[in-house]
Each structure stands twice: as C-alpha cells, then as structure tokens.
Amino acid sequence: MNYVSQILPSLISGTGTTLSIFFWTLIISVPLGILVGLGMITNFKPLTWLIDVYVWLMRGTPLLLQLIFVFYGLPIIGIVFQRYDAALFAFILNYTAYFAEIFRGGLQAIPVGQYESARVLRLTNWQTLRKIVIPQVVKIVLPSIGNEVINLIKDSSLVYVIGLGDLLRAGNVAMARDVTLVPMVLVAVIYLLLTAVCTVVLKRLEKHYSAWR
Amino acid sequence: MLELKNITKRFAGKLILDGVNLTVNDGQILTIVGPSGAGKTTLLRCISGLEETDSGDFFLDGQPFNPVTNRNNDTVMGVVFQDFQLFPNLTVLQNVTLAPTMVLKQSKAEAEATAQRLLKQLNLDGKADLYPYELSGGQKQRVAIVRALAMRPKLLCYDEPTSALDPDLRKEVEEIILKLKAEGMTQIVVTHDMPFAESIADQMLRVEAKS
Ligand SMILES: Nc1ncnc2c1ncn2[C@@H]1O[C@H](COP(=O)(O)OP(=O)(O)OP(=O)(O)O)[C@@H](O)[C@H]1O
Ligand SMILES: [Mg+2]
C-alpha cells in the first residue's frame, strides 16, 4: 500500500498526458472528420480524390509508423515538432481519417428527401446541416464513434515510442526501477477505469438519441 | 396566379415534359393527372424549384420568376411530399416552427402560436410534442401540410396525397384540401386517382406519356 501511494503521483501525471492527448485529439478530430466526411460526398472530383488518398494512407499504415514518421522522420526534411505536438499532430491526422469515413457513411444514409424538404422550407444549407442532417448522422454513427473513442484511449499509449511521458511509460519506468509487477497492474486498472467512464458516457449519449427514430 | 409557359424538361436527353402550359388561378385547385412515368412528379418538382427546366417561363401574378433561384423573397411554394419527409429528429412542433423561426425570423412564441393554431385546425391537437415515428400516416401527412402552411406559401403542392394512406383516409384528405381552398389557398395536386382528382379539381391537367 505504501508502495502504491509512492508511485501513484507519477502514474497520475502520466494519466494527465494520456488524457490530454485523448481529449485534444477528440475535440479536433471529430469536427474535422465531419468536414472531411462532407468533402467525400461532394461532386468535386479533385477534392474527393485527394481525401480518398489521405484516408487510404491513414487507414492503410500503422499509427505507430505515422508517429515515428512525424517525430523522427520529418526533422530530416527540416520539419521539427516538439514531442507532444508531434504526437497530437499524428493522432489528429489519423483519427480524422477514421472519423471522416464513419461520417461519410452516416451522411450517405440521410435520404435526399430530407434535403429537399429543407430546401422547399427555404432553410440554408448550413441550417439544414446543423438542425436536420448532423443530428441524424450523429445518431447513426454514435456506436462506431464509440468504438473509436475506446480505441483512442488505448492507442494513446503508442506515444511511448517517441518518449512522451504518458501513463504506460510512467508504469514501465516504475516497473523497471523497482522490479515489481505492481505498477503495470495499476496502469491496467487506470486504463480500465478510463474506458469504463467512456463507455458509460457513450451509453448515456445513445440513450439521449433514442428519444426519436 | 401561377402561369407556366412552354415548360420543357429532359432527363439525359429523354424528353419528359414537352412544352407544358398551365395557369392556376388564386384560390383554385389544379389537379395533374396522367399515367405512371408521364412526368407528373417531375412537373411538380420543376414548379417547386427542385429541378431545373430546360426551357420555358414561369410567371407569378404576371411577374416572371425562377423557382430554383427564387429563394430570398416570400415563400412561393409549399410542398407536401408523397412520403412526407418530416424531420425524424424534431418533434411535431419543432418540425413546424423550425423554418418560420430560422427563415422568416419569427419569434419562438409567434411561431409556436401559429403552429398550435394550425395543428388544431388540422385535428392534431395534443400531438405537438410527439416525434414523427409516433404518428400514423394520416397524421404525418397533416403535420407535413401544417409545416408547409406555416411558411405562408402562395401555393401548396401535393404529390400523390392519397397514395401512402389507407383508402378510407382519402375522404379526409379531400376534406382538408377543400377546407384550405375555402380559406383561399391555391393548390396543385398530383394524383393518379381519377375519382379523387375529379371531386376536388377546378381544373385538370393531363400529362401524357411520351413514346
Ligand atoms: N432524376 C431523374 N433522372 C433521370 N430520369 C428521371 C429522373 N426523375 C424521373 N425520371 C424519369 O422521368 C419520367 C417521369 O417520371 P415522374 O416521376 O415524373 O413520373 P410520374 O408521372 O410522377 O409517375 P408516377 O405516377 O409513377 O409517380 C420517368 O420515365 C422517370 O424514369
Ligand atoms: Mg410521381
């Protein structure tokens, strides 16, 4: 018990980094994903082509590779990121692609008639999107987004590879130093707590959206 | 008064509307009839600005206008779609007040008062807080009518208003349309139900299938 309270501060500080990556990736990637998803369903070929290539690259290569590329690779051509910025940049790029693909599917599930009935009511495109399309899309994509959110918590441990002090690294350092399994067990418990909280929040959201069909 | 002169419409080179002329006088009911595939829905979509025409002119009260671009002035056309297209994420009241508040800039109170009055008029009192999935087909249609009316259109169009409903509801639709006529609403009704068309029409336009 004494040992636990001894290593807990460093684990909590690691959790802070993990949560900060998680939080900012989510806050930025979800709206970006909506925008890119909208871009995918336009009829402007050069744009859809560009987005397709981007999504293909992001989903077709490991996130770990992307992290290493951004932090260790880009400096070779003169683009230097701080550790934390590199991690955030790679995560946002990667998760935006996944979210965009999910939102594209959701957007395509909205019948054309919804847009037409908004149009004859003289709503602007933006009003239609905000009041009619996005709420319906969110309801459709919520389960898939939920999966990605849980994945994101766990994926955030990949920042380990570029030397960022996240939860996993904090546990690993303590384990190597003190030659005990306790830190890793604690790390696992913290991850479980984080994903449990997310699951509860997501269930709440799904319940909220179950008021209508 | 709405006039169409020589309206032509093709889909991928295929002629669908071949020089359609029509006049709808204020407060009257025009029914558009004809066989399946003749272009009735297409004509209605051209009138409501959902489809571009290839040639021809529209006049509203003698003034030329373009249904597709004419979006910033008063509401010309209200449309009741065949499958209603209510917004599933909004309650009945929100479905009706959304456009009046956002487009006509009515206050929430004003829009809701109008909505409640119209809902009552179409026998929908007590339904304001339900979501569309909780309504019957006939109720959905009446909400769609109320939603269109709340935008104070000059004309109201219906595409096959009896087709998605139980046959015994036909009479009810007929009564609503005639009631709105009594209040001065100008209406265009597309239907392939001849007895229904004849019982409501002041004027009938037959659209023929092109070979
Ligand atoms: N978006 C479109 N692209 C290509 N062809 C179309 C399109 N919409 C309709 N058509 C064609 O135009 C013709 C007329 O269609 P329309 O839906 O107007 O007929 P309708 O008279 O309403 O028929 P129904 O009584 O079955 O509803 C049909 O041959 C149809 O295939
Ligand atoms: Mg039709």
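These remarks concern the structure in this document. (Residues numbered from 1 in each chain as written. Chains lettered and ligands numbered in written order. Predicted model: local features only at pLDDT ≥ 70, side-chain atom pairs only at ≥ 80, totals over all residues. Heavy atoms only, no water.)

Moving on to the pattern of salt bridges. Per the stated rule, a full pass over the model turns up ten salt bridges over all chains. One salt bridge connects Arg 45 of chain B with Glu 51 of chain B, and the closest N-O pair in it is separated by 2.9 Å. Classification of Glu 51 of chain B as buried rests on a relative accessible area of 17%. Between Lys 108 of chain B and Glu 112 of chain B there is a salt bridge; the shortest N-O distance is 3.6 Å. Here Lys 108 of chain B and its partner Glu 112 of chain B are both found in helix α3 (residues 108–121), four residues apart, which amounts to about one turn of the helix. Look at Lys 108 of chain B and you get exposed, because its relative accessible area is 61%. Among the residues examined, Glu 112 of chain B registers a relative accessible area of 25% and is labelled partly exposed. If you follow the salt bridges from partner to partner, you end up with Glu 116 of chain A together with Arg 45 and Glu 51 of chain B in one network. (Salt bridge = Lys/Arg side-chain N within 4 Å of Asp/Glu carboxyl O. Buried < 20%, exposed > 50% of the residue type's maximum accessible area, 1.4 Å probe, protein only. Helix = DSSP H or I, 4+ residues; strand = E, 2+ residues; numbered from the N terminus.)

Quick look at the packing of aromatic side chains now. Counting across every chain of the model gives eight aromatic pairs over all chains. Plain terms: the ring middles of Phe 71 of chain A and Tyr 72 of chain A are 4.9 Å apart, the flat faces sit at 75° to each other, and that makes the pair edge-to-face. For Phe 71 of chain A, a relative accessible area of 13% gives the class buried. Summarising the aromatic geometry, the rings of Phe 58 of chain B and Phe 65 of chain B are spaced 6.0 Å apart at their centres and angled 70° between planes, so their arrangement reads as edge-to-face. In this structure, Phe 58 of chain B and Phe 65 of chain B share a single accessibility class: buried. In this structure an aromatic cluster arises from ring pairing among Phe 91, Tyr 95, Tyr 98 and Phe 99 of chain A. Positioned over the ring face of Phe 59 of chain B is Lys 5 of chain B, at 4.8 Å from the centre of the ring. In this structure, Arg 147 of chain B packs its charged tip against the face of Phe 87 of chain B, placed 4.5 Å from the ring centre. (Phe/Tyr/Trp six-rings, centres within 6.5 Å; stacked < 30°, edge-to-face > 60°. Lys NZ or Arg CZ within 6 Å of the ring centre and 35° of its normal.)

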